[in-house]
Amino acid sequence: MAISSRSIYNTIWNAFLDEKYVLCVSNEIINEYEEVIGRNVNPRLAEMVILTMLKRRNVERVQPTYRFNLIKSDPDDNKFVDCALVANARFIVTEDHHFDILRQTTFPSVAIIDIDGFLEEIKQMYQ
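Residue positions within a chain follow its written sequence, with the count starting from 1. For a predicted model such as this one, the threshold for reporting local features is a pLDDT of at least 70, and the threshold for listing and counting side-chain atom pairs is 80 or more; totals across whole chains, interfaces and linings nevertheless cover every residue. To get the side-chain values, take all heavy atoms of the structure and skip hydrogens and water.

Caption draft 1: Structural view of the pattern of salt bridges. The term salt bridge refers to a side-chain nitrogen of Lys or Arg lying within 4 Å of a carboxyl oxygen of Asp or Glu. Tallying each qualifying case throughout the model produces 10 salt bridges. Between R57 and E19 there is a salt bridge; the shortest N-O distance is 2.8 Å. Linking R57 in the loop between α3 (43-55) and β2 (59-61) with E19 in the loop between α1 (10-17) and β1 (23-25), this pair joins segments that are 38 residues apart in sequence. Type-normalised accessible area, obtained with a 1.4 Å probe on protein chains alone, sets the label of each residue: buried when under 20%, exposed when over 50%, and partly exposed for intermediate values. By relative accessible area, E19 is classed as partly exposed at 32%. As a salt-bridge pair, R103 and D100 come within 3.8 Å of each other at their nearest N and O atoms. Judged by its relative accessible area of 60%, R103 falls in the exposed class. If you follow the salt bridges from partner to partner, you end up with E19, R56 and R57 in one network. Secondary structure elements are taken from DSSP: a helix is a run of H or I of four residues or more, a strand is a run of E of two residues or more, and numbering for both begins at the N terminus.

Caption draft 2: Highlighting the layout of surface pockets. Residues are called lining when one of their atoms sits within 4 Å of a cavity or pocket point, these points coming from a 1 Å grid over the protein atoms alone, where a cavity is a set in which a 1.4 Å probe fits but cannot get out and a pocket is an open set with protein on both sides within 12 Å along at least five of seven lines. Grid points are joined across faces, edges and corners, and a volume is the space filled by probe spheres set on the points. One number sums up the size of the largest pocket: a volume of about 1,400 Å³. Every residue lining the largest pocket is counted, 39 residues in all, and those nearest its centre are L23, Y33, F80, V93 and T94. Of all the secondary structure elements, the ones that give two or more residues to the lining of the largest pocket are α1, β1, α2 (27-40), α3, α4 (78-87), β3 (92-93) and α5 (115-125). Sort the elements by how many residues they give to the lining of the largest pocket and α2 lands first, with six residues. For this scheme, ten residues count as nonpolar: Ala, Val, Leu, Ile, Met, Phe, Trp, Tyr, Cys and Pro. Four count as charged, namely Asp, Glu, Lys and Arg, and the remainder, Gly too, count as polar. Grouping the amino acids of the lining of the largest pocket by side-chain chemistry returns 30 nonpolar, three polar and six charged.

Caption draft 3: Region of the structure containing α3. For α3, which comprises 13 residues, the first-to-last C-alpha distance of 19 Å matches the rise-based estimate of 18 Å (1.5 Å per residue) to within 8%. Buried within α3 we find A46, V49, I50 and M53. Buried residues along α3 cover an arc of 95 degrees about the axis, so they all sit on one side. Summarising the geometry of α3, the exposed residues directed more than 90 degrees from the buried face are R44 and K55. Any pair of residues with heavy atoms lying within 4.5 Å of one another is described as a contacting pair. Each element contacted by the buried residues of α3 is listed here: α1, β1, α2 and β2. Definition of a polar contact: a pair of N or O atoms within 3.5 Å, with one able to donate and the other able to accept a hydrogen when the atoms are protein atoms, and with sequence-neighbouring residues admitted only if both atoms are side-chain atoms. Between the side-chain oxygen at the start of α3 and the backbone nitrogen of R44 there is a gap of 3.0 Å, and the oxygen is on N42. Multiplying 1.5 Å by the residue count of a helix minus one yields the expected span of that helix. The arc in question is formed by the directions pointing from the helix axis toward the C-beta atoms.

Caption draft 4: Broad picture of the packing of aromatic side chains. Only rings of Phe, Tyr and Trp enter the pairing, Trp through its six-membered ring, and a pair is recorded when the two centres are within 6.5 Å. The plane angle decides the type: under 30 degrees is stacked, over 60 is edge-to-face, the rest tilted. The tally for this structure, following the rule as stated, stands at seven aromatic pairs. Relative to F118, the ring of Y21 has its centre 5.1 Å away and its plane inclined at 80 degrees; by these criteria the two rings are edge-to-face. Note that Y21 is positioned in the loop between α1 and β1 and F118 in helix α5, a separation of 97 residues in sequence. Since its relative accessible area comes to 15%, Y21 is described here as buried. Through a chain of ring-to-ring contacts, the aromatic side chains of W13, F16, Y21, F91 and F118 assemble into a single cluster. Counted as over-ring charges are cases with an Arg CZ or a Lys NZ within 6 Å of the ring centre that also lie within 35 degrees of the ring normal. Across the ring face of Y126, the terminal group of K20 is positioned such that the distance to the ring centre comes to 5.1 Å.

Caption draft 5: The packing of α2 against α4, seen in detail. Two numbers describe how α2 lies on α4: the axes approach to 9 Å, and their chain directions differ by 135 degrees. By the angle class used here, α2 and α4 are oblique. Viewed along their axes, α2 and α4 form a crossing whose handedness is left-handed. Contact residues: α2 offers E28, I29, E32 and Y33, while α4 offers K79, F80 and C83. For the contact of α2 with α4, the residue count by class is four nonpolar, no polar and three charged. Simply put, an axis is a line fit to the C-alpha atoms, just over the touching stretch for a helix, and the angle between two N-to-C directions goes from 0 to 180 degrees. Roughly parallel refers to an angle under 35 degrees, roughly antiparallel to one over 145, roughly perpendicular to one between 65 and 115, and oblique to any angle outside these ranges. Helix crossings are classified by the rotation of the near helix relative to the far one: an anticlockwise turn of less than a right angle makes the crossing left-handed, while a clockwise turn makes it right-handed.

Below you can see the structure in the form of structure tokens.
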């Protein structure tokens, strides 16, 4: 949603390139990003985005060894939760309502924020 220069969320991608925040990923997440971008845009762009991400100093690569399985409605989404927990991330940015269950989970606690909320956080960084 943020990569295209025509997107209202492009500020998020530019902030990433400017190292304004740390992106936490696992191999599973990288593979999903590549698959989704390749399917929704094209495989060549997906490859370039992944290579750009992996070369950045503000990318923290983690390999979760424990599976919390907090999201029952779409178990594939748990890779993001596990990564966030291992990386001690501040929050997960998502528009996926499967993650809403995390608002009711007290342990382990993982905050979620939607893309508009994250865009506001980014804009405050540039002020």
